[in-house]
Amino acid sequence: MLEVRIHGRGGQGAQVGCQILAGAFFRSGRHVQAFAAYGGERRGAPVTAFVRADDKPIRLRCDIERPRYALVLDPTMLDGGAIVADVEPGGTVVVNSGAPLEGALPPGVRLVAVDAAGIAGRAGLGPIVSTVLLGVFARATGLVSLEDLQAAVEEGSPARNRENLEACSAGYHAAAGPG
Amino acid sequence: MTGVETVAGQRRMLLTGNHAVAYGALRAKPQVIPVYPITPQTPVLEKLLEFAQTGELTGEMITVESEHSAMAACIAASLAGARVFTATSSQGIALMHEMLHFAAGARTPVVMVNVNRTLALPWGFWADQTDSLSQRDTGWMQFYCESGQEALDTVLQAYRVGESVLLPAMVVIEAMYISHTLEPVEVPGEEVVARFLPPFEPERRLDPACPLSVGNTTTPAQWRANRLAMHEAMGQALGAVAAAGRLYGELTGRGYGATESYRTEDARVVLVAAGGMAGTAREAVDRLREAGVPAGLLRLRLFRPFPAAEIATALAGAGRVAVVDRNCSIGSGGIFCQEVRAALSALGQGGNPVLSYIAGLGGVNVSPERMMQIARDALGREGTNPEPIQAEGL
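About the criteria used
- Numbers given for residues are sequential positions, taken from 1 along each chain in its written order.
- For this description, chains carry letters from A and ligands carry numbers from 1, given in the order in which they are written.
- Where totals are concerned, whole chains, interfaces and linings use all residues; where local detail is concerned, this predicted model gives features only for residues with pLDDT of at least 70, and gives and counts side-chain atom pairs only at 80 or more.
- Each side-chain value is worked out from all heavy atoms of the structure, with water and hydrogens disregarded.
- Salt-bridge detection follows one rule: a side-chain nitrogen of Lys or Arg within 4 Å of a carboxyl oxygen of Asp or Glu.
- Burial here depends on accessible area, computed with a 1.4 Å probe over protein chains only, as a share of the maximum for the residue type. Under 20% is buried, over 50% is exposed, and the range in between is partly exposed.
- Strands here mean DSSP runs of E at least two residues long; helices mean DSSP runs of H or I at least four residues long; both are numbered from the N terminus.
- Strand pairing is assigned whenever DSSP detects at least two bridges linking the two strands.
- In this analysis, two residues are considered to be in contact whenever any of their non-hydrogen atoms come within 4.5 Å of each other.
- Fitted lines through C-alpha atoms give the axes, limited to the stretch in contact for helices. The angle between two N-to-C directions lies from 0 to 180 degrees.
- Side-chain atoms within 4.5 Å are what join buried Ala, Val, Leu, Ile, Met, Phe, Trp, Tyr and Cys residues into a set we call a nonpolar core.
- By buried area we mean the combined loss of accessible area, with a 1.4 Å probe, across both parts when two parts are placed together.
- Identification of polar contacts relies on pairs of N or O atoms within 3.5 Å, with a donor-acceptor requirement for protein atoms, meaning one able to donate a hydrogen and the other able to accept it, and with residues adjacent in sequence counted only if both atoms are side-chain atoms.
- Gly counts as polar in this scheme, as do all residues outside two lists: the nonpolar Ala, Val, Leu, Ile, Met, Phe, Trp, Tyr, Cys and Pro, and the charged Asp, Glu, Lys and Arg.
- Stacked, tilted and edge-to-face pairs are distinguished by plane angle, under 30 degrees for stacked and over 60 for edge-to-face with tilted covering the rest, among Phe, Tyr and Trp rings (Trp via its six-membered ring) whose centres lie within 6.5 Å.
- Over a ring means this: the NZ of a Lys or the CZ of an Arg is within 6 Å of the ring centre and within 35 degrees of the ring normal.

Visitor: What should I look at first to understand the pattern of salt bridges in this one?
Guide: A side chain of one charge can pair with a side chain of the opposite charge when the charged atoms of the two come close. Inspection of the entire model under this criterion finds 32 salt bridges over all chains. The partner of Asp54(A) in a salt bridge is Lys56(A), with the nearest N and O atoms 3.5 Å apart. Note on Asp54(A): relative accessible area 11%, which makes it buried. One salt bridge connects Arg61(A) with Glu183(B), and the closest N-O pair in it is separated by 2.7 Å. One end of the pair, Arg61(A), is in the loop between strand E3 (46-54) and strand E4 (69-72); the other, Glu183(B), is in strand E9 (residues 182-187), on a second chain. Note on accessibility: Arg61(A) and Glu183(B) belong to one class, buried. Connected through shared salt-bridge partners, Arg59(A), Arg66(A), Arg263(B), Glu283(B), Asp286(B), Arg287(B) and Glu369(B) make up one network.

Visitor: Would you mind going over the sheet that holds strand E14 (residues 320-325) of chain B with me for this structure?
Guide: The strands making up a sheet associate through hydrogen bonds between their backbones, and the pairing can be parallel or antiparallel. All names here are of chain B. Ordered in space as E10-E12-E11-E14-E15-E16, the six strands form an open sheet in which the pairing is mixed. The open sheet is flanked by strand E10 (259-262) and strand E16 (389-390), the only strands paired with a single partner. Pairing analysis gives four bridges linking E10 to strand E12 (residues 295-300), with the strands arranged antiparallel. If you follow Thr-259 over to E12, its bridge partner there is Leu-300. Helix H9 (residues 277-290) contacts E10, strand E11 (269-274), E12 and E14 of the sheet and is inclined by roughly 165 degrees relative to E12. Lying over the sheet, helix H11 (residues 335-346) contacts E11, E12, E14 and strand E15 (354-358), oriented at roughly 170 degrees with respect to E15.

Visitor: Is there a simple way to explain the sheet that holds strand E5 (residues 85-89) of chain B in this structure?
Guide: All names here are of chain B. One open sheet accounts for five strands, arranged E5-E6-E8-E7-E13; its pairing is mixed. For this open sheet the edge positions go to E5 and strand E13 (302-304), each flanked by a neighbour on one side alone. Ignoring strand direction, the axes of neighbouring strands in this sheet form an average angle of 25 degrees. With six bridges connecting them, strand E6 (residues 111-116) and strand E8 (residues 169-174) associate as parallel partners. Note on E8: the bridge partner recorded for Val-111 is Ala-169.

Visitor: For this particular structure, what's the right way to read the nonpolar core?
Guide: Soluble globular proteins tend to bury their nonpolar side chains together. In this structure, Leu48(B), Phe85(B) and Met141(B) are the most contacted members of the largest nonpolar core, which totals 63 residues. In this structure, Phe85(B) is in contact with Val21(B), Ala25(B), Pro30(B), Val32(B), Ile33(B), Pro34(B), Val44(B), Leu48(B), Val111(B), Val113(B), Val155(B) and Tyr159(B), ignoring residues within four places of it in sequence. Of all hydrophobic cores here, the second largest spans 50 residues; its members include Val4(A), Ile119(A), Leu149(A) and Tyr172(A).

Visitor: Explain the interface of chain A and chain B here, please?
Guide: A common way to state how big an interface is: give the accessible area lost once the parts meet. Contacts between chain A and chain B engage 22 residues on the former and 31 residues on the latter. Together chain A and chain B conceal approximately 2300 Å² of surface at their shared face, both sides included; 54% is due to carbon and sulfur atoms. Summed over the three residues of chain A that lose the most area to chain B, namely Phe26(A), Arg59(A) and Arg61(A), the buried surface amounts to 36% of that side. Close ionic contact of Asp286(B) with Arg59(A) constitutes a salt bridge, the shortest N to O distance being 2.8 Å. Taken together, the connections running from chain A to chain B amount to twelve residue pairs in polar contact (both at pLDDT 80 or more). In terms of residue count, the dominant contributor to the side of chain A that touches chain B is strand E2 (residues 31-37) of chain A (six residues). The class makeup of the residues in the side of chain A that touches chain B is nine nonpolar, six polar and seven charged.

Visitor: Explain the environment of Val354(B) here, please?
Guide: Residues and elements named next belong to chain B. Within the secondary structure, Val-354 sits in strand E15. Under the relative-accessibility criterion, Val-354 is labelled buried at 3%. For the pair Val-354 and Val-64, spaced 290 residues apart in sequence, the C-alpha to C-alpha distance is 45 Å. Setting aside chain neighbours within four positions, we find Val-354 in contact with Val-321, Val-323, Cys-337, Val-340, Arg-341, Leu-344, Thr-384 and Asn-385.

Visitor: Quick question: what am I supposed to make of the packing of aromatic side chains here?
Guide: Aromatic rings considered in pairs are described by the distance between their centres and by the relative angle of their planes. Residues and elements named next belong to chain B. Counted under the stated rule, the structure contains eleven aromatic pairs over all chains. Where Tyr-23 meets Phe-51, the ring centres are 4.9 Å apart and the plane angle is 70 degrees; that geometry is what we call edge-to-face. On the criterion of sequence distance, the pair formed by Tyr-23 in helix H1 (residues 17-28) and Phe-51 in helix H2 (residues 42-54) is long-range, its members being 28 residues apart. On the accessibility criterion, Tyr-23 (5% relative accessible area) is buried. Ring pairs connect the aromatic residues Tyr-144, Phe-303, Phe-306 and Phe-336, which therefore count as one cluster. Stacked on the ring of Tyr-159, the Lys or Arg Arg-83 has its end atom at 5.3 Å from the ring centre. Across the ring face of Trp-123, the terminal group of Arg-117 is positioned such that the distance to the ring centre comes to 5.0 Å.

Visitor: Whenever I open this one, the environment of Ala174(A) confuses me. Can you help?
Guide: Residue and element names in this part refer to chain A. Inspection of the secondary structure assignment puts Ala-174 in helix H5 (residues 161-174). Note on Ala-174: relative accessible area 46%, which makes it partly exposed. The spatial distance from the C-alpha of Ala-174 to the C-alpha of Glu-3 is 23 Å, given a sequence separation of 171 residues. When sequence neighbours within four positions are dropped, the list of residues in contact with Ala-174 reads Val-114 and Ile-119.

Shown next as structure tokens:
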């Protein structure tokens, strides 16, 4: 089972982002599950979102405590790496950051940092960085095709469809392939 | 409506639990939908409004000023012979409490979805079963669903059963872990649903052409007779739930019962759970079996009427029984466990060792590892526990 955890703040698109990623996995023929945990709908409040994908039906109804993949939409949430300390060895952490990152990742975890805020800003999306990072995730892990992801963005973005597609594609092309 | 068409006119879509129950309601073609929004139920209302705007939903939506009024409107519309749907959660169902008794006493087969959410105080938005379990004695049937798919399917079955025995029915899903979880759901086609669910045609209804009133003062004997009739109807509902679950299975490929036994044959420890947590327990059972621990799961789907005999039969051969409650009756303990113990005792199986575990109160995460820990703990304990065991402390 593939497990992805997304950390962001209300308004950055973590909740919609988890649904888009689930939509992309679903298009590739997998069973999926996506949900977010948030305390009331407040801008700026921490949001954690979860995505599971598997070849068989998913029965778990709980948070993801040891993900193989994590997306961090706001680098200030990294807290010196604490927020992703439980990512599995061999996993990948995708972070919205144009600057070098301080703090340690767990051993054997790959860090992929992209200035998603810059890309989102240029695409006219303001603080919504989730579609950029989904593009980065697709390229960096090879787990989902850009085509499936774009189709899911097209269906799942509630507004500014063209901008989100552009941002997603730019994120994809800004990242290196699977390490 | 997007998605992929599968068997029998079903459409496979990615839906949250909230949207899945809205599709269930849409297919049941309710004529009146009084509803008041509350987190985390609001997307149910929003989706139904969307259906109303596109013309798919032809029933009348009534936005009322409170949940108390929502249920009052449900009762009146149902007495007039309309099929009625509503949904609520937490403080909303608490405010409805008085009217829930009215609905059952008036024998109105209202169907309501309740999203299990913490009750204040403290304020919270998370999964906890206390809001619906607190309505245990209102005379409503209660179904606890493991997935969005099951919730959709159960809305339709609740109408069939409720309208046959004239009792209201509650379809319960957990906050976030089902209500806000996006997953593949098969939405049955209108033709299949029409074959499963006949129109609601009550023998008696409020009708200006033939005036009558409901809710007059009764004598003690009349009051008693009404209560006993409700109790008898609950008894009939047990059979009706089983029959509806079977027929639904024949039509859609997804059958349901009042309970579900999973790998309980030869099990030395059986986890008992309801709602979404049962899915996590199912995964835990498989992992325990892989590790050589003979574990099983008894999932409780129906809580009222309580399927006591079915539970006793299912647990007859079980070594240890561990009931996992995401609720706590303050001053007593886990509510499902109390019910299971009472049923076994009443049916002469008081010797079955039933342990009580409280897990995930207030939406605290219950992982498969936690479920495995509970099963292992139950296996290693002597006797039973008078005080519930807090799973997070294991």
